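Inside the fold
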Amino acid sequence: MRNSSLFLRSGLTVAAASLPFVVAAGPAAAVSGISVSTTGSTVSVTTTACSNVNGSWGTASLLTSRQANFAQGRQVSLSGTSALQSAAWSGVGPGTYTVIVVCSNGTTAGTQSVIVSGPSPTRTISTTASPSRGVMGGMGGGSKDYGTLTLVGGGVLVGAGVLATAWFLRRKSKPYRL
């Protein structure tokens, strides 16, 4: 018990001593100022980082994996208000894309990758015709007409089983005597 409390205290001391180094390092990657989402074959981007300069909020570009810079992508002008700007691309095929937003003042609001999945397979459900005469039920083989000899043989076997069971239970209930 004494050793575990010693380890606990030393662990807390090390954690407290390393806290300033963790805070000074900051986040590992810069936080993007854009939010990208997909719905089916539509990709949309929103941001709050751009301001209106000469009636323009900025431009967003959708790049495929083979395109290297902003000018090569599908470009769309941002629209919106001072609170939120957005752009959208429709008819985007399946694949991995990069969305880049450049504000009208020339600053990059953010860059983010997005994966567009292919269309969901459509399932066709077909109905089958119902039986015209209802359910075809039966006796499960019991409807065959057996002869008298078969029925008497079955009755003898059942009777022998009942007698053997009664004899066994009667014999078991008697106390064992020498």
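Figured I'd write up the structure that's included with this text. (Residues numbered from 1 in each chain as written. Predicted model: local features only at pLDDT ≥ 70, side-chain atom pairs only at ≥ 80, totals over all residues. Heavy atoms only, no water.)

1. Digging into the sheet that holds strand S5 (residues 79–80)
Heads up, the condition is: At least two DSSP bridges between two strands are needed for those strands to be called paired. The helix count covers DSSP runs of H or I at least four residues long, the strand count covers runs of E at least two residues long, and both are numbered beginning at the N terminus.
Spatially, 4 strands are ordered S1-S2-S6-S5 in an open sheet, and the strand pairing comes out antiparallel. If you trace the sheet from one side to the other, it starts and ends with strand S1 (34–39) and S5, each paired once. Sheet analysis places S5 next to strand S6 (residues 85–89), joined by 2 bridges and oriented antiparallel. The partner of glycine 80 across the bridge, within S6, is glutamine 85.

2. Looking at unusual backbone geometry
The phi torsion at asparagine 54 lies on the positive side, around 55°, for a residue other than glycine. Positionally, asparagine 54 belongs in the loop between strand S2 (42–47) and strand S3 (58–63).

3. Focus: the pairing of S2
Note the threshold: Only protein chains enter the calculation, and the probe is 1.4 Å; a residue is then buried if its accessible area is under 20% of its type maximum, exposed if over 50%, and partly exposed in between.
Where burial is concerned, the two faces of S2 differ: the one with Val43, Val45 and Thr47 is buried and the one with Thr42, Ser44 and Thr46 is not. Linking S1 to S2, which pair antiparallel, is a turn of 2 residues; within it glycine 40 sits at a positive phi near 65°. The sheet contact formed by S2 and S6 spans 5 bridges and is antiparallel. Counterpart to threonine 46 in the pairing with S6 is serine 86.

Shape descriptors only; they carry no functional weight alone.
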